[in-house]
Amino acid sequence: MDGWMDEPPERPLGKVQCHVPPGSGMTTKIIHFMVNGRLEQAEFSADCSAADVKDLFRAAAEAGPHHILKMYNANGSVVNISPRLEANSEESYYRLEVVASDLRSVAMPPELDNMEYRLHHLESRVTEDVGKTPDIISGLKSHVESFKRKLEFHSPHCQSAEHLSWMGLFKADGDQQLSKFCPKPKTPQLSVQEERQQVRRKFLNMSSLQVTEEVREHLKTPIFDNWQWEEAEMLVLLQVMYTDLDFLTAFHIEPEVLQNFLFEVYCHYNNIPFHNFQHCFCVTQMMYGLIWLTDLRNKLGRVDLLIMLTSALCHDLDHPGYNNVYQINAQTDLALRYNDISPLENHHCAVAFGILSKPECNILKNLTGEQYKHIRGGMIKCILATDMARHYEILNKFKLMQPVFDFTNQDHKEVLMKIMVKVSDISNEARPMAVAEPWLDCLLQEFFNQSDTEKLKGLPVAPFMDRDKVSKPSSQTSFIRFVLLPLFSELTKLFPCLEQHILEPVRRALEYYSDMERASKDEEGPAKA
Ligand code: LUO
Ligand code: ZN
């Protein structure tokens, strides 16, 4: 209902500034920093007080009075938030973290804090207008209160086994049936390093326990719901995938080395809306499911399966949240380093082999030289194949091979492996709508961040990334019609069982977004239809 209620003023966001008297001629300093997943810009004069500068960043982080702020420079070192903060460029942005200081704020994520602030504002406006607080506002307030209590109840520090067992991951003592999925406990606002160490401790604690048969089987299906699991649990599930495909015995991989490798991969995905560790997990889990569904274990060698699973795991390592077009147009370090040739995918692959070059993480260290060379070559081909600019090149090659596909032909196998990684990479719409739709929101958020930056820098902006132009349903119906369905149909010709597992769900998704598209066109009325 438009105009029913004025939105309360947002907290001061976007560019933040200390008061600089107009015409004062005072030199100001520009600081670029990332906070809550957004790239922000602060401006203040050199004689701004330390307290004002701190308030400036507090406002930008939407941090409450209880929160502690921590600023990290591009090398990851903590720097002091003061007027002497060194000016920087957008590429070498600082990272501003909000660290809670007491239990109340530990359990209070900024979004909830912000919601409470807006609710309070709405209540005062409505009470002013109608003389009393309507039930809907009181109801919302009690919901927020009870949600806060729940958050405070979930102590994220609990490491006891019963805490682990009710995650539904492990065989419970006795026969009580535990819920399969746990609500993801809110992790407190810790610094990046503290959060990672906490994830590592949980991962290593859990990895020695047995995962239930039910979860193991569920893991092989495309209906697996990533949103139900926290990062430490996903690391355990990734370890299960490597174990259940017998990679540890086949390639003499020590469990500790696999754990170090998986944890290092986790640390090298960034906290951005879409190309983050959850996406890495989804793509790897879809690849794992496809290997079982297509019975690939009896059609390809185990080395090729290792290449595909590890390529899926590493395919977006250290993604910055800005695509190749941005890298090239903005002439970033990556574009310069890789001569504008798939700069991101080259980087993802280089980071993967940077991790594998550490002995404690090198899952390939007990292989023969021949095997290592084959795996390295296969991973490079598969990861570079995820550059969507090459989509039709690769699909057309597969279309030519598919009718006469030969599983003993090396060229045929290579193209199939690329197709499998590509399919896994863009397969969100093959999942249940409740799992898939949030991914499209995350993707659009990342695209909008990029196009906002491109507008600020005067760079070209792609329409499908422009928040003022893109419509979620119509962009998705085009994507499904012209990218997903042709790709998934071609793979289904080789593996007919995929019809029900991935093709049908994608057709349902097309229906879903087409209905949404029609509904939004009807709402806009005939003029705009
Ligand atoms: C395709 C793609 C490229 C880069 C980043 C993400 C994606 N994905 C998606 N894009 N991955 C999954 C999805 C998805 O479900 N929808 C979309 N939709 C839009 C934004 C789109 O059309 N993306 C797109 C299409 C083609 C292309 O190159 C041929 C690049 C991006
Ligand atoms: Zn990806």
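The preceding data block contains the structure.
One numbering rule holds for all chains: residues counted from 1, following each sequence as written. The lettering of chains begins at A and the numbering of ligands begins at 1, in the order of writing. Reporting in this predicted model follows two pLDDT cut-offs: at least 70 for local features of residues, and 80 or more for side-chain atom pairs to be given and counted; totals over whole chains, interfaces and linings ignore these cut-offs and use all residues. With hydrogens and water set aside, each side-chain value is computed from the structure's full complement of heavy atoms.

**Some thoughts on the layout of surface pockets**
Gaps between atoms show up when a probe of the same size as a water molecule is rolled over them.
Argument step 1. In the cavity and pocket records, a cavity denotes points on a 1 Å grid over the protein atoms alone where a 1.4 Å probe fits but cannot get out, a pocket denotes an open set with protein on both sides within 12 Å along at least 5 of 7 lines, and lining residues are residues with an atom within 4 Å of a point. Grid points are joined across faces, edges and corners, and a volume is the space filled by probe spheres set on the points. In this model, the second largest pocket occupies a volume close to 1200 Å³.
Argument step 2. Strands are runs of DSSP state E lasting at least 2 residues, helices are runs of H or I lasting at least 4, and numbering of each runs from the N terminus. Counting residues per element, the ones that place at least two in the lining of the second largest pocket are α13 (324-329), α15 (343-356), α17 (391-401), α19 (433-457) and α20 (472-494).
Argument step 3. In the scheme used here, Gly and all other residues not listed as nonpolar or charged are polar, with Ala, Val, Leu, Ile, Met, Phe, Trp, Tyr, Cys and Pro taken as nonpolar and Asp, Glu, Lys and Arg as charged. Split by residue class, the lining of the second largest pocket holds 24 nonpolar, 16 polar and seven charged.

**Brief notes about the nonpolar core**
Argument step 1. To form a nonpolar core, buried Ala, Val, Leu, Ile, Met, Phe, Trp, Tyr and Cys residues must be joined to one another through side-chain atoms within 4.5 Å. Only protein chains enter the area calculation, which uses a 1.4 Å probe; residues under 20% of their type maximum are buried, those over 50% are exposed, and those in between are partly exposed. Tyr242 and Phe261 are the most contacted members of the largest nonpolar core, which has 108 residues in total.
Argument step 2. If one sorts the elements of this core by residue count, helix α11 (residues 277-293) sits on top with 10 residues.
Argument step 3. Dropping the residues within four chain positions of it, Tyr242 is found in contact with Phe247, Leu248, Leu258, Phe261, Leu262, Leu306, Leu309, Thr310, Leu313 and Ile363.
Argument step 4. Counting 19 residues, the second largest nonpolar core, distinct from the first, contains Ile31, Leu56, Met71 and Val98. Note on contacts: a residue pair is in contact if any heavy atoms of the two residues lie within 4.5 Å.

**Some points on the side chain of Thr453**
Argument step 1. Within the secondary structure, Thr453 is located in helix α19.
Argument step 2. In this structure Thr453 touches Leu39, Glu90, Tyr322 and Tyr326, once residues within four positions along its chain are discounted.

**Describing the coordination of the zinc ion (ligand 2)**
Argument step 1. Only nitrogen, oxygen and sulfur atoms count as donors, using a 2.8 Å cut-off from the metal that widens to 3.2 Å for Na, K and Ca. Water is left out, so coordination shells may look unfilled. Each protein donor to the zinc ion (ligand 2) is listed here as His279 (NE2), His315 (NE2), Asp316 (OD) and Asp425 (OD); together their distances run 2.0 to 2.2 Å.
Argument step 2. Each of the four donor atoms bound to the zinc ion (ligand 2) contributes to angles spanning 84 to 169 degrees, and the resulting shape is irregular. Square planar and octahedral sites, with four and six donors, are those where opposite donors lie more than 155 degrees apart and all other angles lie between 65 and 115, tetrahedral sites have four donors with every angle between 85 and 135 degrees, and the rest are irregular.

**Side note on the packing of aromatic side chains**
Argument step 1. Here the aromatic set is Phe, Tyr and Trp, taking the six-membered ring for Trp, and pairing holds for ring centres within 6.5 Å; pairs whose planes are under 30 degrees apart are stacked, those over 60 apart are edge-to-face, and all others are tilted. Applying the stated criterion to the full structure yields 17 aromatic pairs.
Argument step 2. For the pair Phe33 and Phe57, a centre-to-centre distance of 5.0 Å together with 70 degrees between the ring planes defines the contact as edge-to-face. Pair noted here: Phe33 is in strand β2 (residues 28-35) and Phe57 is in helix α1 (residues 50-60), with a separation of 24 residues, a long-range link. For the pair Phe33 and Phe57, a shared accessibility class is recorded, and that class is buried.
Argument step 3. Among the aromatic residues, ring-to-ring pairing joins Phe263, Tyr266, Tyr269 and Phe277 into one connected group.

**Some details on helix α16 (residues 369-384)**
Argument step 1. One less than the residue count of a helix, multiplied by 1.5 Å, gives the span that helix is expected to have. In this model, α16 (16 residues) spans 22 Å end to end at C-alpha, consistent with the 22 Å of a helix rising 1.5 Å per residue.
Argument step 2. Residues Ile375, Gly378, Met379, Cys382 and Ile383 constitute the buried set of α16. Projection of α16 onto a plane perpendicular to its axis shows the buried side chains occupying an angular sector of 120 degrees, all on one side. Of the exposed residues in α16, those oriented more than 90 degrees away from the buried face are Gly369, Glu370 and Lys373.
Argument step 3. Here the buried face of α16 lies against α12 (302-314), α15 and α18 (410-425). Throughout, the arc means the angular range of directions from the helix axis out to the C-beta atoms.

**Thoughts on the pairing of β2**
Argument step 1. When you tally the buried positions in β2, you get six out of eight residues, the bulk of the element.
Argument step 2. When DSSP locates at least two bridges between a pair of strands, those strands are taken to pair. Of the strand pairs in this sheet, β2 and strand β3 (residues 38-45) are connected by eight bridges, and their pairing is antiparallel. If you follow Val35 over to β3, its bridge partner there is Arg38.
Argument step 3. Connecting β2 to the next strand, β3, in antiparallel fashion are two residues, including Asn36 with a positive phi near 50 degrees.

**Considerations on the pattern of salt bridges**
If charged atoms from side chains of opposite charge come close, those side chains can pair.
Argument step 1. For salt bridges, the criterion is a side-chain nitrogen of Lys or Arg within 4 Å of an Asp or Glu carboxyl oxygen. Under the criterion given, the structure shown has 22 salt bridges.
Argument step 2. Two residues, Lys457 and Glu90, come together in a salt bridge whose shortest N-O distance is 3.9 Å. Within this pair, whereas Lys457 is found in helix α19, its partner Glu90 is found in the loop between β5 (78-79) and β6 (94-99), the two being separated by 367 residues in sequence.
Argument step 3. On the accessibility criterion, Lys457 (34% relative accessible area) is partly exposed.
Argument step 4. Among the salt bridges present, the one from Glu91 reaches Lys457, with a minimum N-O distance of 3.4 Å. Of this pair, Glu91 sits in the loop between β5 and β6 while Lys457 sits in helix α19, placing them 366 residues apart in sequence.

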